[in-house]
Amino acid sequence: MPQPRRPRGPDILDTEARLVARARTGDMDAFEQLAGSHADRLFAVLLRLLGNRAEAEDVAQEVMLRAWRGIGHFHGHSLFFTWLYRIAINEANRSLERSSRRPVSVSIDAEALQVPASAHDQPSIRLEQTQLHKALSKALADLPPDYRTAIVLRDVEGLSTQEAAQIAGVGQAAFKSRLHQARLKVRAAIGDEALIDAGR
Amino acid sequence: MGLFSRTDDHQWSQQHLSHYVEGDLGRRARSRLDRHAEDCADCGRGIRAMRALLRLIPGLEGPAAIRAPAGIFDRVRSSGTDSTNDDGTPAPPSGA
């Protein structure tokens with residue numbers, strides 16, 4: 001089970017709350033510091049959802065603009081990053097609707113997204129890992145957007161079901177249904193034997 | 001004779017492999033899948049494949065390699081200091 005990767009210590013939340021307060025008064029530096037701390041992961045999510053770097057960069061800028069313009073509506077009842085990610089998911093979906101297509105890229109930045117080298121660091125195994133990575137990326141790209149969002153937030157990002165459902169804008173039961181269906185589709189696309197071999 | 005036929009059990013089990021590995025099945029449902037998988041090579045393999053999938057997917061993220069573009073705040077900066085939603089576009093989620 002993936003573990004949440006984002007540190008959530010009281011100090012960080014306190015710092016974040018102070019930055020939110022300053023950003024709400026129009027302090028752009030505070031906003032950039034606040035949103036910037038989530039920018040890399042946010043961009044990775046957009047890249048995975050959209051499958052295209054140029055489009056992800058365009059949407060990322062739009063997300064930040066909307067967050068800046070909407071920071072006055074953020075009252076701190078949820079974590080800032082869940083609010084920011086919610087904007088990102090909405091913008092990614094709007095972008096996909098505008099282009100009326102699914103992601104076209106099979107391997108987004110294939111070099112950058114390599115499966116990390118493991119103890120089995122032999123050339124033939126590296127090749128198999130690369131092929132598996134490409135196959136997994138394609139299987140994700142072929143999913144309907146709602147299913148892809150579920151897997152990216154829960155399994156790739158390691159968010160809790162509660163956080164991921166909140167970001168996706170659905171209840172936890174509906175979110176889990178999407179997640180389970182998405183995993184079944186990816187499993188079917190890759191094949192049991194390939195998954196078992198790669199997972200050893 | 002069980003409540004469900006073997007075909008029912010198989011189709012149901014195949015649809016609930018993710019629930020099973022996630023721990024989302026109740027006790028009776030989990031037992032049903034356990035019983036079926038004992039005699040069904042397909043479903044036993046499906047459980048192992050689903051577990052492998054959940055181990056492999058996090059490796060897709062490449063956290064050290066992906067960086068946000070340098071210009072991610074360009075539109076914010078060119079919008080000036082006004083942080084109000086005054087352009088007629090839908091506001092971000094409110095009440096959060």
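Novice: What exactly am I supposed to notice about the nonpolar core here?
Specialist: Counting 82 residues, the largest nonpolar core has Leu46, Met64, Phe80, Ile151 and Val186 of chain A as the members making the most contacts within it. The greatest single-element share of this core, amounting to 10 residues, is contributed by helix H5 (residues 80–99) of chain A. Not counting residues within four places of it along the chain, the set of residues in contact with isoleucine 151 of chain A comprises Leu140, Leu143, Val156, Leu179, Ala182, Arg183 and Val186 of chain A together with Ile57 of chain B.

Novice: How do you make sense of the packing of helix H10 (residues 192–199) of chain A against helix H4 (residues 41–56) of chain B when you look at a structure like this?
Specialist: When two helices pack together, their arrangement is given by the angle between the helix axes and the distance between those axes. At a closest axis distance of 8 Å, the pairing of H10 of chain A and H4 of chain B adopts a crossing angle of 55 degrees. If you check the angle between H10 of chain A and H4 of chain B, you find them oblique. Regarding H10 of chain A and H4 of chain B, the two cross each other, and that crossing is left-handed. Residues Asp192, Glu193, Leu195, Ile196, Ala198 and Gly199 of chain A of H10 of chain A lie in contact with H4 of chain B, whose contacting residues are Asp42, Arg45, Gly46, Arg48, Ala49, Ala52, Leu53, Arg55 and Leu56 of chain B. Of the residues that constitute the contact of H10 of chain A with H4 of chain B, the class distribution is seven nonpolar, two polar and six charged.

Novice: Whenever I open this one, the interface of chain B and chain A confuses me. Can you help?
Specialist: Of the residues lining the interface, 53 residues belong to chain B; the matching set on chain A comes to 67 residues. Of the roughly 5,200 Å² buried where chain B meets chain A, counting both sides, 62% is carbon and sulfur surface. Inspection of the region where chain B meets chain A yields eight salt bridges. The salt bridge partner of glutamate 22 of chain B is arginine 154 of chain A, with a shortest N-O separation of 3.0 Å. For the pair chain B and chain A, the interface holds 14 residue pairs in polar contact (both at pLDDT 80 or more). Sorting the residues of the side of chain B that touches chain A by element identifies helix H1 (6–15), helix H2 (17–22), H4 and helix H5 (74–78) of chain B as the ones contributing at least two each. Considering each element in turn, the side of chain B that touches chain A owes the most residues, 11 residues, to H4 of chain B. The residue makeup of the side of chain B that touches chain A, split by class, is 23 nonpolar, 17 polar and 13 charged.

Novice: How should I be thinking about the pattern of salt bridges in this particular structure?
Specialist: Pairs can form between side chains of opposite charge once their charged atoms are near each other. Residues and elements named next belong to chain A. Considering all chains together, one arrives at 21 salt bridges over all chains under this definition. For arginine 53, the salt bridge is made with glutamate 57, and the minimal N-O distance between the two is 3.9 Å. Residue arginine 53 and its partner glutamate 57 are located together in helix H4 (residues 53–70), separated by four residues, close to a single helical turn. Judged by its relative accessible area of 29%, glutamate 57 is partly exposed. The salt bridge involving glutamate 91 is made with arginine 66; its shortest N-O contact spans 2.8 Å. Taken as a pair, glutamate 91 in helix H5 and arginine 66 in helix H4 lie far apart in primary sequence, 25 residues in all.

Novice: Please explain helix H2 (residues 28–36) of chain A as it appears in this structure.
Specialist: Residues spaced three or four apart along an α-helix point in a common direction, a consequence of the helix completing one turn every 3.6 residues. For H2 of chain A, the set of buried residues is Met28, Ala30, Phe31, Glu32, Leu34 and Ala35 of chain A. Near the N-terminus of H2 of chain A, the side chain that reaches the backbone nitrogen of aspartate 29 of chain A, with its oxygen 3.1 Å away, is that of aspartate 27 of chain A.

Novice: Just to check I follow, could you spell out the packing of aromatic side chains for this structure?
Specialist: For any pair of aromatic rings, the description consists of the separation of the ring centres together with the inter-plane angle of the planes. Evaluated as defined, the whole model comprises six aromatic pairs over all chains. With 5.3 Å between their ring centres and 55 degrees between their planes, phenylalanine 31 of chain A and tryptophan 68 of chain A make a pair best called tilted. In this pair, phenylalanine 31 of chain A is assigned in helix H2 and tryptophan 68 of chain A in helix H4, connecting sequence segments 37 residues apart. Across this residue pair, the class does not change: phenylalanine 31 of chain A and tryptophan 68 of chain A are buried. Ring geometry for phenylalanine 74 of chain A versus tryptophan 83 of chain A: centroids 5.2 Å apart, planes at 45 degrees, classification tilted. Taken as a pair, phenylalanine 74 of chain A and tryptophan 83 of chain A share a single burial class, namely buried. Aromatic rings pair up to connect Phe31 and Trp68 of chain A together with Phe73 of chain B into one cluster. Directly above the aromatic system of tryptophan 12 of chain B lies the positively charged group of arginine 32 of chain B, at a separation of 4.3 Å from the ring centroid.

Novice: Got a minute to help me understand helix H3 (residues 39–50) of chain A in this structure?
Specialist: All names here are of chain A. Here H3 is 12 residues long and its end C-alpha atoms lie 16 Å apart, about the 16 Å a rise of 1.5 Å per residue gives. Taken across its 12 residues, H3 has 10 buried, putting it largely inside the fold. Listed as buried for H3 are Ala39, Leu42, Phe43, Ala44, Val45, Leu46, Leu47, Arg48, Leu49 and Leu50. Residue glycine 51 follows H3 closely and has a positive phi angle near 75 degrees.

Novice: Looking at this model, I keep getting lost on the confidence of the model for chain A. Mind explaining?
Specialist: Regions with low pLDDT carry predicted coordinates that are not meant to be interpreted in detail. Residues and elements named next belong to chain A. Mean pLDDT over chain A stands at 85; residues scoring 70 or higher make up 82%. When pLDDT is averaged over each helix and strand of chain A, the minimum, 78, is found for helix H6 (residues 123–141) and the maximum, 97, for helix H9 (residues 172–190). Across residues 106–120, where pLDDT falls below 50, the model places 28 contacts with residues more than four positions away in sequence or in other chains.

Novice: Looking at this structure, how should I read the environment of glycine 70 of chain A?
Specialist: The topology assignment puts glycine 70 of chain A in helix H4. For the pair glycine 70 of chain A and leucine 46 of chain A, spaced 24 residues apart in sequence, the C-alpha separation works out to 20 Å.

Calculation rules
Residues numbered from 1 in each chain as written. Chains lettered and ligands numbered in written order. Predicted model: local features only at pLDDT ≥ 70, side-chain atom pairs only at ≥ 80, totals over all residues. Heavy atoms only, no water. Core = buried A, V, L, I, M, F, W, Y, C linked by side-chain atoms within 4.5 Å. Buried < 20%, exposed > 50% of the residue type's maximum accessible area, 1.4 Å probe, protein only. Helix = DSSP H or I, 4+ residues; strand = E, 2+ residues; numbered from the N terminus. Contact = heavy atoms within 4.5 Å. Axes fitted to C-alpha atoms, helices over the stretch in contact; angles between N-to-C directions. Parallel < 35°, antiparallel > 145°, perpendicular 65-115°, else oblique. Left-handed = near helix turned anticlockwise from the far one by under 90°. Nonpolar A, V, L, I, M, F, W, Y, C, P; charged D, E, K, R; others polar. Buried area = accessible area lost by both parts, 1.4 Å probe. Salt bridge = Lys/Arg side-chain N within 4 Å of Asp/Glu carboxyl O. Polar contact = N/O pair within 3.5 Å; in protein donor to acceptor, adjacent residues only side chain to side chain. Phe/Tyr/Trp six-rings, centres within 6.5 Å; stacked < 30°, edge-to-face > 60°. Lys NZ or Arg CZ within 6 Å of the ring centre and 35° of its normal. Expected span 1.5 Å × (residues − 1). pLDDT = per-residue confidence, 0-100.

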